[in-house]
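Spelled out from the first residue to the last, the chains are:
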Amino acid sequence: MKLYQHSIHKLHKLLKSKDINSLELTKSVLQHIEEVEPYLNAFITIMKETALEQAKEADKKIASGKISALTGIPLGIKDLICIKGVSTTCASKILENFISPYDATVIEKLRQEGAVFIGKLNMDEFAMGSSTETSYFGPTKNPWNLDYIPGGSSGGSAAATAAGECIASLGSDTGGSIRQPASHCGIVGLKPTYGRVSRYGLVAFASSLDQIGPMTRDVRDCSIFLEAISGYDRRDSTSVSKDVPHFSASLGEEIKGLRIGIPQEYFGKGLDPDVQTTIDRAIRDLVSLGARVEEISLPHTEYVVAVYYIIAPAEASSNLARYDGVKYGYRTENSKDLAEMLNKTRTEGFGKEVIRRIMLGTYSLSAGYYDAYYKKASQVRTLLINDFKEAFDKCDILLTPISPIPPFKIGEKMNDPLTMYLTDIYTIAANLSGIPGLSMPYGKSKAGLPIGIQLLGNYFDEETILKTAFMLEQEKSNWTIDCLYSKYEKTGTK
Ligand code: GLN
């Protein structure tokens with residue numbers, strides 16, 4: 001195996017025992033990026049020089065005996081998380097030349113650990129999308145088959161992690177953007193409980209829904225990475241002051257007697273048979289691990305897409321009002337007065353999907369419509385929250401699909417936003433309610449692309465999710481999906 005193919009925990013051991021150093025690891029990743037990036041387009045910025053510097057620093061740290069879990073590990077960062085002195089584009093023309101003046105809190109934490117930032121990853125523009133096709137910098141391809149989407153909006157993070165262009169990555173999840181691309185690319189992705197991870201330095205899409213989270217190749221890496229970025233931050237007013245558990249400590253604990261709920265509303269019309277088969281296999285494995293699986297109900301599920309597509313665009317329209325060409329970002333070149341400057345800057349700077357969301361949001365917030373749309377959606381949101389509260393009185397974990405359909409071909413749904421929105425149905429409820437959710441690979445589609453399953457947990461109970469996922473990960477080793485890298489070599493070299 002090449003160095004870039006290993007997990008965080010394996011590389012940590014090798015670094016600690018001094019069998020390898022961070023510089024050679026980082027070089028191995030950078031060289032692999034050179035080979036595969038022309039096919040994948042997972043990066044917006046590759047931070048070659050600074051990454052090599054950081055690797056040397058990490059090696060010094062290790063030499064002096066100071067090594068923690070992420071020291072010297074090359075990580076990819078979704079391009080809406082600020083790294084000081086590096087561009088943060090949000091995959092938008094409007095921020096194409098914006099350089100972050102400060103580090104996000106998660107970046108500060110990773111710096112303290114001595115991690116290496118390998119680059120900024122592609123995404124849907126302003127994280128609006130489910131396929132990474134709305135990026136101003138062009139679509140990212142799925143490393144399993146280059147004709148297919150990697151999912152979105154953190155498609156760059158998922159593709160890069162799956163293909164070995166970084167060891168793990170950070171994504172953000174407003175309605176499924178960590179979990180769904182993780183599922184489509186065959187990796188593990190976790191959206192933490194709202195408030196677990198600081199949003200300071202994350203460019204806002206919908207502030208009451210956004211969370212940063214880890215995207216990794218296995219469950220242990222996910223636990224390690226989550227622990228490193230979690231914790232209270234006074235600079236984020238929605239951050240919650242709670243102890244951060246040692247997440248990887250409970251991995252390997254039995255799940256005998258654990259109560260697993262299967263929400264019946266998640267298995268209706270439109271669910272692809274390959275997705276159903278994948279869930280059925282997970283249920284069988286959970287039962288054989290001693291868990292108690294029972295059907296439950298989340299009665300307001302039919303409203304989640306409507307509620308999300310009112311609340312998220314409403315918040316986005318307010319958050320994106322700051323891009324006006326005055327203070328920073330793109331400004332139109334020819335305008336005769338302020339009004340025209342604002343208008344042209346935004347029309348030229350934003351892509352079609354972002355403009356659609358801003359229009360939807362301003363409409364539902366406007367006088368005369370506010371009560372009918374935004375207020376109503378907020379009321380139904382409370383009902384959704386209550387659904388989960390009741391479910392978690394009866395169960396410890398919920399098992400659901402991630403997406404009703406496996407990865408589809410690039411371009412297939414670009415002109416059909418409504419169908420695209422509907423594919424978010426199984427992931428957005430976790431954001432509307434704030435509960436944590438994890439996606440892990442558990443099957444494959446007829447076209448040979450990965451299909452994930454979702455584990456949803458109670459507030460701040462990422463531990464139970466992770467230990468369940470870990471047991472399933474061991475269990476599923478009795479079936480295999482085509483090896484990531486051999487598959488890559490077939491598609492990547494054409
Ligand atoms: N697909 C959803 C949307 O387009 C979710 C995006 C996200 O989680 N950032 O809004």
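As shown above, the structure is provided for reference.
This text gives an overview of the structure that appears in the document. (Residues numbered from 1 in each chain as written. Predicted model: local features only at pLDDT ≥ 70, side-chain atom pairs only at ≥ 80, totals over all residues. Heavy atoms only, no water.)

With respect to topology, 11 strands assemble into an open sheet ordered β1-β3-β2-β4-β6-β5-β10-β11-β9-β7-β8, the strand pairing being mixed. Either end of the sheet is taken by a strand with one partner, and the two such strands are β1 (43-46) and β8 (292-296). Here the strands of the sheet are splayed against their neighbours by 30° on average, with no regard to which way each runs. Sheet contacts for helix α2 (residues 22-40): β1, β2 (74-78) and β3 (116-121); angle to β3, the most-contacted strand, approximately 20°. (Pairing = 2+ DSSP bridges. Helix = DSSP H or I, 4+ residues; strand = E, 2+ residues; numbered from the N terminus. Axes fitted to C-alpha atoms, helices over the stretch in contact; angles between N-to-C directions. Contact = heavy atoms within 4.5 Å.)

This brings us to the packing of helix α4 (residues 105-113) against helix α7 (residues 219-229). Taken N-terminus to C-terminus, the directions of α4 and α7 make an angle of 110°; their axes are 8 Å apart at the nearest point. Between α4 and α7, the interaxial angle falls into the category roughly perpendicular. Listed contacts from α7 to Val106, Lys109, Leu110 and Glu113 of α4 are Phe225, Ala228 and Ile229. Partitioning the contact of α4 with α7 into residue classes produces 5 nonpolar, no polar and 2 charged. (Parallel < 35°, antiparallel > 145°, perpendicular 65-115°, else oblique. Nonpolar A, V, L, I, M, F, W, Y, C, P; charged D, E, K, R; others polar.)

With that settled, consider helix α9 (residues 304-319). Compared with the 22 Å implied by 1.5 Å per residue over 16 residues, the 22 Å span of α9 between its first and last C-alpha is a close match. Within α9, 14 of the 16 residues are buried, leaving the element largely enclosed by the surrounding structure. (Expected span 1.5 Å × (residues − 1). Buried < 20%, exposed > 50% of the residue type's maximum accessible area, 1.4 Å probe, protein only.)

Core analysis: the biggest nonpolar cluster contains 133 residues, and Ile81, Leu110, Phe126 and Leu438 have the highest contact counts within it. Looking at this core, the element that brings in the most residues is α9, giving 10 residues. When neighbours within four sequence positions are excluded, phenylalanine 126 is seen to be in contact with Cys90, Ser92, Ile94, Leu95, Val203, Phe205, Leu320, Tyr323, Phe350 and Val354. (Core = buried A, V, L, I, M, F, W, Y, C linked by side-chain atoms within 4.5 Å.)

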